[in-house]
Every structure is written in C-alpha cells, then in structure tokens.
Amino acid sequence: MTSRDSDPLSPERDAPPATPSPTETGAGDGPAGVRAEVSGIVQGVGFRPWVYRLAVEHGLGGRIWNHSAGVTIEVWGRGPALTAFLDALRHTPPPAARIEHIALSPLPPDRPMTGTFAIVESEADADRRVSIPPDLALCDDCRREVFDPQDRRYQYAFTNCTNCGPRFTIVRDVPYDRARTTMAAFELCDDCRREYQAPGDRRFHAEPNACGVCGPRLSVLGGNGERLEVIDPVEMATRAIAAGLIVAIKGLGGFHLACDATNGRVVARLRERKQRDEKPFAVMVASLDEARRVARLEAPDIAMLTGPERPIVLVERRRASGIAANVAPRNRLLGLMLPYTPLHAMLTARAGMPIVLTSANPSDEPLAYANDEAVERLAGIADLFLVHDRDIVAPCDDSVVRTLAGRPTWLRRARGAVPRPIRLRLDAPRPILATGALLKNTFCLVQGREAWMGPHIGDLDNLATHRFFHESVARLSRFLDITPAVVAHDLHPEYASTAYARSLEGVVRIGVQHHHAHVAAVMAEHHLEGPVLGLAWDGTGYGPDGTAWGGELLQADLAGFERLATFRPIRLAGGDRAVSEVWRAALALVLDAFGDGQPPLDRRPFQQRRRREVRVVADLVTRGIQAPLAHGVGRYFDAIGALVLGLDRAAFEGQVALALDLAAARGSHGRYPFSIDTGVAPWQVDLRETTRAVVVDLIRRRGAPVIAARFHDTLVAAAAALVRRAIEERGPLPVVLSGGCFQNARLTEGVVRALEPLVPVYVHRRVPPGDGGLALGQAAVAASSAILSACIRGTTSTSTITS
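Residues numbered from 1 in each chain as written. Predicted model: local features only at pLDDT ≥ 70, side-chain atom pairs only at ≥ 80, totals over all residues. Heavy atoms only, no water.

Student: Please provide a residue-by-residue account of the side chain of His514, values included.
Tutor: Take His514: it is sitting in helix α14 (residues 514–526). A polar side-chain atom of His514 sits 2.9 Å from a polar atom in the side chain of Asp490. His514 has contacts with Ala437, Asp490, Tyr495, Asp538, Thr540, Gly541, Tyr542, Asp771 and Leu774, leaving out every residue within four places of it along the chain. (Helix = DSSP H or I, 4+ residues; strand = E, 2+ residues; numbered from the N terminus. Polar contact = N/O pair within 3.5 Å; in protein donor to acceptor, adjacent residues only side chain to side chain. Contact = heavy atoms within 4.5 Å.)

Student: With reference to specific residues and values, describe the pattern of salt bridges.
Tutor: Opposite charge on two side chains permits them to pair, given that their charged atoms come into close proximity. The final tally for this structure, using the stated rule, is 43 salt bridges. One salt bridge connects Asp141 with Arg144, and the closest N-O pair in it is separated by 2.3 Å. Separated by 3 residues within a single helix, Asp141 and Arg144 lie in helix α4 (residues 140–146), roughly one turn from each other. In this structure, Glu316 engages Arg666 in a salt bridge whose closest nitrogen and oxygen atoms are separated by 3.2 Å. Taken together, the residues span a long stretch of sequence, with Glu316 in strand β12 (residues 312–317) and Arg666 in the loop between α20 (655–663) and β27 (675–677) at a distance of 350 residues. Linked through salt bridges whose partners overlap, the residues forming this network are Asp141, Arg144, Glu145, Arg152, Arg153, Glu195, Arg202 and Arg203. (Salt bridge = Lys/Arg side-chain N within 4 Å of Asp/Glu carboxyl O.)

Student: An account of the nonpolar core is needed here, citing residue identities and associated values.
Tutor: Membership of the largest hydrophobic core comes to 79 residues, with the highest contact counts inside it found for Leu535 and Trp537. For this core, the leading source of residues is helix α22 (residues 704–730), giving 14 residues. Here Leu535 is in contact with Glu552, Leu553, Ala719, Val723, Val736, Leu737, Ser738, Phe742, Val751 and Leu755, once residues within four sequence places are set aside. (Core = buried A, V, L, I, M, F, W, Y, C linked by side-chain atoms within 4.5 Å. Buried < 20%, exposed > 50% of the residue type's maximum accessible area, 1.4 Å probe, protein only.)

Student: Account for a positive patch on the surface, with residues named and values stated.
Tutor: There is a patch of like positive charges on the surface, built from Arg610, Arg611, Arg612 and Arg615. In this structure, Arg610 sits in the loop between α17 (604–607) and α18 (611–623). (Patch = residues over 30% accessible without salt bridge, like charges linked within 9 Å, V, L, I, M, F, W, Y side chains within 5 Å. Areas by Shrake-Rupley, 256 points an atom, 1.4 Å probe, with all protein chains shown as cover. Lys, Arg positive; Asp, Glu negative; His and termini not counted. Charge placed at Lys NZ, Arg CZ, Asp CG, Glu CD.)

Student: Mind laying out the confidence of the model for the protein chain, listing which residues take part and the relevant values?
Tutor: When pLDDT is averaged across the protein chain, the result is 90; 92% of the residues are at 70 or more. Segment residues 6–16 is flagged for pLDDT under 50; beyond a separation of four residues in sequence, or across chains, it makes 31 contacts in the model. Contacts of residues 18–27 to residues separated by more than four positions or lying in other chains number 19 contacts, the stretch itself having pLDDT below 50. (pLDDT = per-residue confidence, 0-100.)

Student: Give me the lowdown on the pairing of strand β21 (residues 508–512), citing residues and values where you can.
Tutor: Burial analysis of β21 places 4 of its 5 residues in the buried class, which makes it a mostly covered element. Examined bridge by bridge, strand β20 (residues 486–490) and β21 share 5 bridges and lie parallel to one another. From the neighbouring strand, Ala488 faces β21, where its bridge partner is Ile510. Handedness of the β20-helix α13 (residues 496–503)-β21 crossover: right-handed. (Pairing = 2+ DSSP bridges. Right-handed = clockwise from strand over helix to strand, strands pointing away.)

Student: Just give me the short version of unusual backbone geometry, but keep the residues and values in it.
Tutor: Glycine aside, negative phi is the norm for most residues, and most peptide bonds take the trans geometry. Cis rather than trans, the peptide bond between Val418 and Pro419 has omega equal to 10 degrees. Its location among the elements puts Pro419 in the loop between β17 (407–412) and β18 (422–434). The omega torsion across Gly530 and Pro531 is 5 degrees, close enough to zero to call that bond cis. Mapped onto the fold, Pro531 is located in the loop between α14 and β22 (532–542). The phi dihedral of Arg310 falls on the positive side, at around 50 degrees, and the residue is not glycine. By relative accessible area, Arg310 is classed as buried at 10%.

Student: Before we move on, can you summarise the packing of α14 against helix α24 (residues 774–783) with the specific residues and values?
Tutor: Taken N-terminus to C-terminus, the directions of α14 and α24 make an angle of 85 degrees; their axes are 7 Å apart at the nearest point. Of the possible angle classes, the one that applies to α14 and α24 is roughly perpendicular. Contacts from His514, His516, Ala517, His518, Ala520, Ala521, Ala524 and Glu525 in α14 reach Leu774, Leu776, Gly777, Gln778, Ala780 and Val781 in α24. Residue composition of the contact of α14 with α24, by class: 8 nonpolar, 5 polar and 1 charged. (Axes fitted to C-alpha atoms, helices over the stretch in contact; angles between N-to-C directions. Parallel < 35°, antiparallel > 145°, perpendicular 65-115°, else oblique. Nonpolar A, V, L, I, M, F, W, Y, C, P; charged D, E, K, R; others polar.)

Student: Report on the environment of Phe147, specifying residues and quantitative values.
Tutor: Its location among the elements puts Phe147 in the loop between α4 and α5 (190–197). Placed 202 residues apart in sequence, Phe147 and Ala349 show a C-alpha to C-alpha distance of 9.8 Å. In this structure, Phe147 is in contact with Tyr154, Gln155, Ala345, Met346 and Ala349, ignoring residues within four places of it in sequence.

Here it is as structure tokens:
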C-alpha cells in the first residue's frame, strides 16, 4: 500500500533534474564550455569540493563559486567528458545535497578556456535566496576519527567535515562562509587550515572545521552555574547520568535534559521538575544494533534513523527493551534517535545505556540555547551542565518522524529539515509571510517559487514562546532578505499568530480558513493544481460561520473551496476545557446519542468525577450554555477514547487519540453503523448509531482493542462513503488527506487503502499533517493569483467560500 509520492524513503528528496543532452550543453565530440547555475541545497554540504574532484577526474578545466542564489559552475573540455560530468552532477551529488534546478548555457566562444579547475571565492550580491543546509548528522568518516586513538581528533566533540556538522544553527549571514558563522571566533590552526585549503581534502571549505587545538571546547558547570575544573567533561557528565542525576547538555540547536532512560525513579524526578506529566520523552541509543534491541524497526524507520537528518523516529517499543515505562507512559511507541553529533556519540558509547534526551525547557516554554540563559532557566531542573563555547544563533529543536502508509512523514519539522526550501508550483508575485496556527506553530516565507518553513516554535500561548516566534520570523526574513508584502493568517480572531499578522503595517493581509490551509498544504507539497477533494480532519479550526470545524470534506483549489460535508457537531461544555477534560466530550456524545433515553453515566470516565459535576456539565450540554458546537473528528476520538479506555483527561493534545490508535487490534473486526445526511448542505456524518453500538459493546465487556479497531474502521468507511458520493456528483477528483487526525497510522492507512482503487490519494510527507504544516498551506493560498490579485487591488480577502 502506497500513497502518491516520488521517493520510496526520504520525505525530503524531490526527483532530480533531467540530465542535459549534449545539444543542450553545446557539447558535441569536440571542445566546448558550459555554464551551470545550480540551485537547491548546494552550500555547506561538500558540494564544491565534490565538483572539483569530479572535474579533475574527467580532465576538465573551469571554476566554481558560491553566491546567494546557489552555485555557479563554468566548466570546459571535450564533449563526452562534459556529458559524463553533467550526468554525475545529476545522479551522484553528496549525500546531504539536493539539486532542485540546473540551468545550462554554452560559454561564449571568446571566453578563455584554459587552465585547471579551481574553487574561487564566494560572491555577495543582492539576490539572497539562501541555500544554507540544515545541520547535518555525524558522518561515518568523522565518527571513525572520533573513536580512533591514533587520530588527532580522537574524542574531540566538535569534529566535522563537509558532509556533516552544524550549519543553520551557527549562521549569522549569507552566503555560507566561515566568517559569517559563529566559528569566526575560532582561528584555524595550521593543520586545520591546510585541510580547509586543500581541494582534495574532505574538509576543504568545511566552514565549522576545527580540532582540539583551535576549536570549541567543553566545560562543566554545577547546578548553580559555577564552573567546575574537570579533566574530562564528557566522562563527568556520563558518570553523573549513571549516578541518577539530570544533566543539561548543549547540543547543535539548543540544550537537552539527559538522564538514565532505564531508571524509572530519575525519569519521574525529571517529569516532576520539568512539569511534564505524561508526554513522552525521546530516547537516544548508541547504535542501530541497540535501536533494534529496544524497538521494532521497519526499512523506512532505519532509513530515517541513519540518514543525514537524524530525527526522532516514532517506533514500536519491544517489551524487553529495558527502558523505564514512565519514559512514555501508557504508550507503546518510543521516540528513538541515534547520535547526530560527536558529543552524543561519545556520551552514549561511554554510558552503555539508553539515555533520555528531551528539550531543555520548563514545560511549554521555548528551548534554552545560550549558556547563561540555560543556567538561569533550568535552575532547579538540571543537576549539572555540560556546555561549550560555540554560540548558537538559530535555536532549532529535534525533528519528529513517523512511518505512515508505508513511508516516513514529518510530524515536527525542525533540525535536519530547516531551512530546506520547498519548491512551489506557483511563482508568488510578491514576498509572502504566513504566520501559521496557534498550536505547534511554524511560519513560512515565500519568494518566487520557493517556500521556507521556519523551525518548530510550539504553542503560542505564553509570552516566551510568542517572543521566540517574533525573533525567528525576523531572523529568517533577514537571512533571505525578504520583506513580506503579503501576510497570510488564520481566520481565528484570537490566535496570537493572527494578532501578529494584524499588527504589521504596509502589507496586504489574507485570512485563510484553517481547513482550506490544511488541504492547500498537501496541494503545495505535491504540486497539485486542483480542484481536489480534501479530507481535513483535526480537533478544531475556526469556520467562517463562527463555529469550530474539524471534520471537513472540501472541494478546493488554492483560490477557494466549497464545504461539501462535515460531522454532526457535539457540544463542548466549558469550551477549551473539554479538550483536556475529555470526559466532557464523552458526556456530550452519549447525551446526544441517547437523547431522552437513559445515557450510560455509569461508565468509568464519569465515575471518576463527582456526581454533582457530571450533573452540572450535563445540564450545560443539554441547554447549550457555555457549550459551543464542535465538528472536529479529533473531538470524536477524545470522546470515544474516554469511553473505551476509561480516561477522564488528556495530559497533552492528541494523547487520547494516539492511545486509541495504539489500542486498536490488528486486522479487520467489522465496523459500527453510521449515517450520512445528504439532504442538508453541507452533508453531515452522524455517529449517534456508532456511539450507541460502542456502549453496547462496552456493556457486553467487549475488549478495548476490538472496539478501537471497529471505531477506526467506521471512520474509514465514512471517509470512503463521502468521497464516493462526491465523485458521483463532481467527477473523479484527486483526494488529499490533512489535519492532525491523519497522524493516526491506522486511520491514514485505512483511508488510503479504501480510496486508492478509486482516485489518486495524496498525504503529507515533507510537512506535518497537523498544524505544524498549516503555514505552507496559508502561503500557497496567498500565492494563488486569484486571491492575490484581488488583494493587491486594495482589499483584504479571505479564501473564497462557495457553499
């Protein structure tokens, strides 16, 4: 089972450009010269030295240089050698490079074509379409050096080369050269300089190049920030972790909090100090063999664990993993990662145990990334600090990936992916900023056909995170030299991201409906022109009618949408309070399903609350007081999950839906009845019969795994029925799946399987299905000529609704 994609493993790779023909290059069998303008991720990934070696191998002359639009190559020689050179340029670039476009033109006949191939100085120009790559995981060559006692970089924590090391997080300006990074503070020693200047060396123009003589150094601070004199900082940190202490470790994009992942008592202490009740912690292990020992790994998981991005990968934990249960309470998934810096490799090798490695921040606050700031903010959380003196300019959290429908999908797009651009089908006529959502915020900047998504910001519900959002937008805008003329935002009037958009002066503002943006994000990622049928299922999103949408079938293109179907709404007593206290949604569901009959208020989620509280909430629901209507499928997951699993609250967003996904028995176990009212506009999916059948199964003591499986398959059947009806009326349009509910593996795989025999189905790969991908969709809608032209005439627009 597969959805529509171009690459079987990496969600960050597009199909390479076509190999130019000899006619296109101006090369026959005789001597000729070609100029190649190469764009994409081609700086800071060893691209220039690789091209140098390739040219020398083919006996070609010429030169190569960086500039802010990418790389220019001028190369000359005999035609067959040129053709072979250009073919290799397409097929075998360095592992972390990504060539998006090659523009070729013949060199003028009067151009001197003599001399050997050379790498020349970068140029700074007015076009700052940056091609700085993300930070790259430790390569095999550097790892061997770090663990080779005979190598001069033995146990050096900042070893890197053109194939690995820090990039985005240390850059102050573009083009990407050492003088414009925080490594400018470290003058190269003679040995490192020779490497840096030798075209045949793996470290030729490796901007972060360093060694123990000339580069950054580690140090250890006590819990109050006092400097401790130690001979081996890594050894001290390792022993502290083994002794049950919590250590704050400065990495590539910020600090982590580390502890022994096999020690439940220290994990509980970390949860208490960090004020993080049940949200899972990530775990780092030393090697792929160790990863296989603690988790079940499929081919896509292995590809992401060992690739240059090196994200956290959600995998199924083995029963005998040895990892403490409270690392991921009530959750068989484990967020696993392999070392991506020499420091992490040294720590895990010496520790000899899996270690918790979680973002170093008090709950819901931004990541700590500066030494003094970390000591101040993490006081009382960390017992020890392992720090270094290489400054971080752009903080960047760890990315998170999960295999969905057979392929990896980014659930959080940060380190390893940012600031890799996404190429759009449309050429935006004006620079665009899209401000994203309130939760799991990311933003997006667009210039021309390239969209740069910013790093993961988090939930914009506190001042510190809101300040981080402002700083991140300003930083990336400066890198790209983009001054937005158009700002796209969500329609919700109370979102902090909307308020930010409205505070900007001298711009055209475009309000984009939440679920239209979700659908547009998939369209942008897969270069779909539309119209499409979009299933946008999540917890909530502001509708133009003022209600909470979230179970939508839209017919959409980038310029507008029509709402074809939704789910029967349930009342959320107390509004947002019902999102965390999921028993409230369950109560509303059973009251709606049973009407004036006898709702089963003896079920476990209600028994855990005081009777008077249940009566008060039931009265609010029945009378519609302080109980807004919500159409979100995510709220149905909360309600059914509360009933089936006996949960009365969610410790974090999506916890109950994930628990229901993981509880579902494998295989087919039938489904529950439901109905679709097509006599109203929009059509309405009615799950009251489903709810009554679930309650009957609970009364009959049917196991939670079977009930969870049946509920998932009921939603799959409802999605298929909606799409079939829409195809009957509108024709066989492609289907896209988006929204946080499609982070659910069983749901996503079931819907793809049900619909692929009918129409093409597209799912997210390179951007998150949830609100972390919303900004890309907002930007794509804003770039649509129909929307933008209306706004440029002097009006503020929202995405068009034609229901």
